[in-house]
Amino acid sequence: MADIALQPRVRPPIREATRWEQIKSNRNFIALWFMLPAMAFLLFFLAYPLGLGIWISFTDARIGRPGAFIGLENYEWLWDDSIFWLSVFNTLLYTFVASAIKFGIGLYLALLLNENMPFKAMLRALVLIPFIVPTVLSALAFWWIFDSQFSIISWSLKEMGLITENINFLGDVYWARACVIFANIWRGVPFVAITLLAGLQTVSPSLYEAATLDGATRWQMFRNITYPLLTPIIAVVMTFSVLFTFTDFQLIWAMTRGGPVNSTHLMATLSYQRAIIGGVLGEGAAISNAMIPFLLAAIMVSWFGLQRRKWQQGENND
Amino acid sequence: MTDLRTQPADLKAVLSGTARTVAADDHSVGMSYLESLPRRLVTLYLPLSIIVIVLLFPFYWMALTAVKPDEQLLDLNTYNPFWTWNPTFKHIHKLLFDSYYPLWLWNTMYVAICATILSIVASVLAAYAIVRLRYRGAQWVGGFIFLAYLVPPSILFIPLATVVFQYGLFDTPFALILTYPTILIPFSTWLLMGYFKTIPFELEECALIDGASRWQILTKIVLPLSIPGLISAFIFCFTLCWNEFIYALTFLTSVQNKTVPVAIVNEFVDGDVYRWGSLMAGALAGSLPLVILYAFFVEHYVSAMTGAVKE
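Just so you know, the residues in each chain are numbered from 1, in the order the chain's sequence is written. Labels follow written order: the first chain is A, the first ligand is 1, and so on. The predicted origin of the model limits local features to residues at a pLDDT of at least 70 and limits the giving and counting of side-chain atom pairs to 80 or more, whereas totals for whole chains, interfaces and linings rest on all residues.

## What about the overall build of chain A?
Labels follow the DSSP assignment, with helices taken as runs of H or I lasting at least four residues and strands as runs of E lasting at least two, numbered in each case from the N terminus. The helix and strand inventory of chain A stands at 16 helices and 0 strands. For chain A, the C-alpha radius of gyration of 28 Å lies well beyond 20 Å, the compact-globule estimate for 318 residues. Its C-alpha atoms give chain A principal-axis dimensions of about 105 × 75 × 40 Å. Taken over 318 residues, chain A has a buried fraction of 41%. Every radius of gyration here is taken over C-alpha atoms, with the globule rule written as 2.2 Å times N^0.38, N being the number of residues. As a rule, residues whose C-beta atom has 12 or fewer other C-beta atoms within 10 Å are exposed, those with 20 or more are buried, and those in between are partly exposed; C-beta atoms are placed from the backbone.

## Quick notes on the nonpolar core
When a protein is soluble and globular, its nonpolar side chains tend to lie buried together. Counting 168 residues, the largest nonpolar core has Leu 140, Ala 193, Leu 196 and Met 255 of chain A together with Met 280 of chain B as the members making the most contacts within it. The greatest single-element share of this core, amounting to 16 residues, is contributed by helix α10 (residues 173-200) of chain A. With residues near it in sequence (within four places) discarded, Met 280 of chain B still touches Ala 141 and Trp 144 of chain A together with Met 62, Thr 65 and Ala 66 of chain B. For our purposes the nonpolar core covers buried Ala, Val, Leu, Ile, Met, Phe, Trp, Tyr and Cys residues that link as a set through C-beta atoms within 7 Å. What counts as a contact here is a pair of residues whose C-beta atoms, placed from the backbone, lie within 7 Å.

## What about the interface of chain B and chain A?
At the interface, 88 residues of chain B touch 90 residues of chain A. The biggest single contributor to the side of chain B that touches chain A is helix α2 (residues 37-67) of chain B, with 12 residues. Residue polarity follows a fixed list, in which Ala, Val, Leu, Ile, Met, Phe, Trp, Tyr, Cys and Pro are nonpolar, Asp, Glu, Lys and Arg are charged, and the others, Gly among them, are polar. Of the residues contributing to the side of chain B that touches chain A, the split by class is 62 nonpolar, 21 polar and 5 charged.

## Focus: the confidence of the model for chain A
Residue and element names in this part refer to chain A. Residue-level confidence of the predictor is summarised by pLDDT, bounded by 0 at the bottom and 100 at the top. Residues with a pLDDT of 70 or more make up 91% of chain A, whose mean pLDDT is 85. The least confident element of chain A is helix α1 (residues 2-6), whose mean pLDDT is 54; the most confident is helix α5 (residues 82-113), at 93. Under a pLDDT of 50 for its full length, residues 314-318 has, in the predicted model, 6 contacts with residues more than four places off or in other chains.

## A few points about the packing of helix α8 (residues 135-145) of chain A against α2 of chain B
The N-to-C vectors of α8 of chain A and α2 of chain B enclose an angle of 80 degrees; their axes lie 9 Å apart at closest approach. In terms of their interaxial angle, α8 of chain A and α2 of chain B are classed as roughly perpendicular. Counted together, Ser 138, Ala 141, Phe 142, Trp 144 and Ile 145 of chain A of α8 of chain A and Pro 58, Trp 61, Met 62 and Thr 65 of chain B of α2 of chain B form the full contact between these two elements. Taken together, the residues that form the contact of α8 of chain A with α2 of chain B break down as 7 nonpolar, 2 polar and no charged. Under this scheme, a helix contributes an axis fitted over its contacting stretch, all axes are lines through C-alpha atoms, and angles between N-to-C directions fall in the 0 to 180 degree range. Here roughly perpendicular refers to angles of 65 to 115 degrees, roughly parallel to angles under 35, roughly antiparallel to angles over 145, and oblique to all remaining angles.

## Side note on unusual backbone geometry
Residue and element names in this part refer to chain A. Despite not being glycine, Arg 257 shows a phi value in the positive range, around 55 degrees. For Arg 257, a count of 15 C-beta atoms within 10 Å corresponds to the partly exposed category. Phi at Asn 262 is positive, roughly 60 degrees, even though this residue is not glycine. Relative to the helices and strands, Asn 262 resides in the loop between α13 (250-255) and α14 (267-277). For Asn 262, a count of 18 C-beta atoms within 10 Å translates into the label partly exposed.

Given below as structure tokens:
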């Protein structure tokens, strides 16, 4: 046995790595293959359509007929179109009102859920259900709840003696707007609340103990401890919320289809109606492209929110 | 102030209430024990129960409408509208045997599973390359993928419709299977990047010294360690697919090919006043698979939802 150990080990001769082996172990070369599937999808079905959409908006394309270049005509046409401006107004109203209320109720709900209480885990799980269920299907439930004749809300209010006639929820301009905004808030609050709750749990209770000893009121504790520590996550969550509210389509389509008299048409629903139902692809594409400046503004907010967050965590602001 | 936030949020445990919060580390208990029960009733339980009731009422109403007999549905005054003593399965029966509903359910499931698997495979590879291969320009690619996440379907559906038509995919399930990944890949890549970053680099260095290839490292070391992240990405992508509406509405025209959300909105809404029962039964049956999935994976769900925001 000992002899074997003493024998010199036979080493394979060291040889130069071939060119192919060098390439094979090159990081950039391997990464190329790893990135290929994702990049192919994003190029063919995201980047290319994005560019194509801008091109279509400069043509008079219709369904089944490629269009010719007509310059800015679609946009000039939209500039004089009162329905388009109404949809812009509706979209801004819908986004601002819904996002503001979502933020308020979401933050409040997160603070409530952060307290110690029995059945905490179950409550948190229940709260998130509206976010899980497909939007269209819950929108149908709201459609039935807001029915003009058999609405349970009208019935309850009549039983309580508050009103005498059924409320025409989705048939009246102002009621219809209020209803779709309500449905949007209902769906968005769980997302805001649960993400803010995750942020709240990183705040140390010892800060509140110290503040209580110093005689701070509940409002002061919220204003000077909770809110500053939550600001970074609030910035990100609200950017997402604004972005998805602004481009909302399915809730409106399932509940009102833009009616009554275009009062709930958002830019997304109007572009669907013009492009797919009306068949005028060029004009529809112009309407949806008109959303891009607003989205860019929202993304800028998100960018600066993230920057600020880095700074708060004490990282370099490179 | 800021140096107190040393512990990152343990997002998986947020929902279960078992999260190791900062409190557990510095032995502080907060000041909530100073509050009396009546005060907690008014400031905590009352508002909380109102919000929860409002959030859950539409589902109760959906379920109740699905089993109510027709005459009770439209007659609010003879019967108490909030309850029914003689539930009927007529609407559900009609849904399952007199309509294409099972076929629609199958379409939705098929599209969602195929699109999810495609996206997860693509994003695992991409996320690994961005985080661990760190090739030239990896940070830029990461940033672009995040931007892609912010491009909403509502500005893409018109050009995508013409693209889908050119590729000859119009009105086939492939139109959706190939376009959904554009929504899913940015999201899941971002989520998995966060996960892969938490795996110690030393493990990979050991494997490299032992002569493992990058592919072996990925399949034998990184993937087994990131199973929770994969589950999160998978169920969240699945839910997004199930929820998607505008692409399915635009790219599919024949009744047999539709997915559940589109089919219910287009095929069940007719002039009939008695449509509500089957409409609500359809909405309920379309939501149940997701709610059941959610019930099993609550924690993964939250980690997916908050993970995308966190990064």
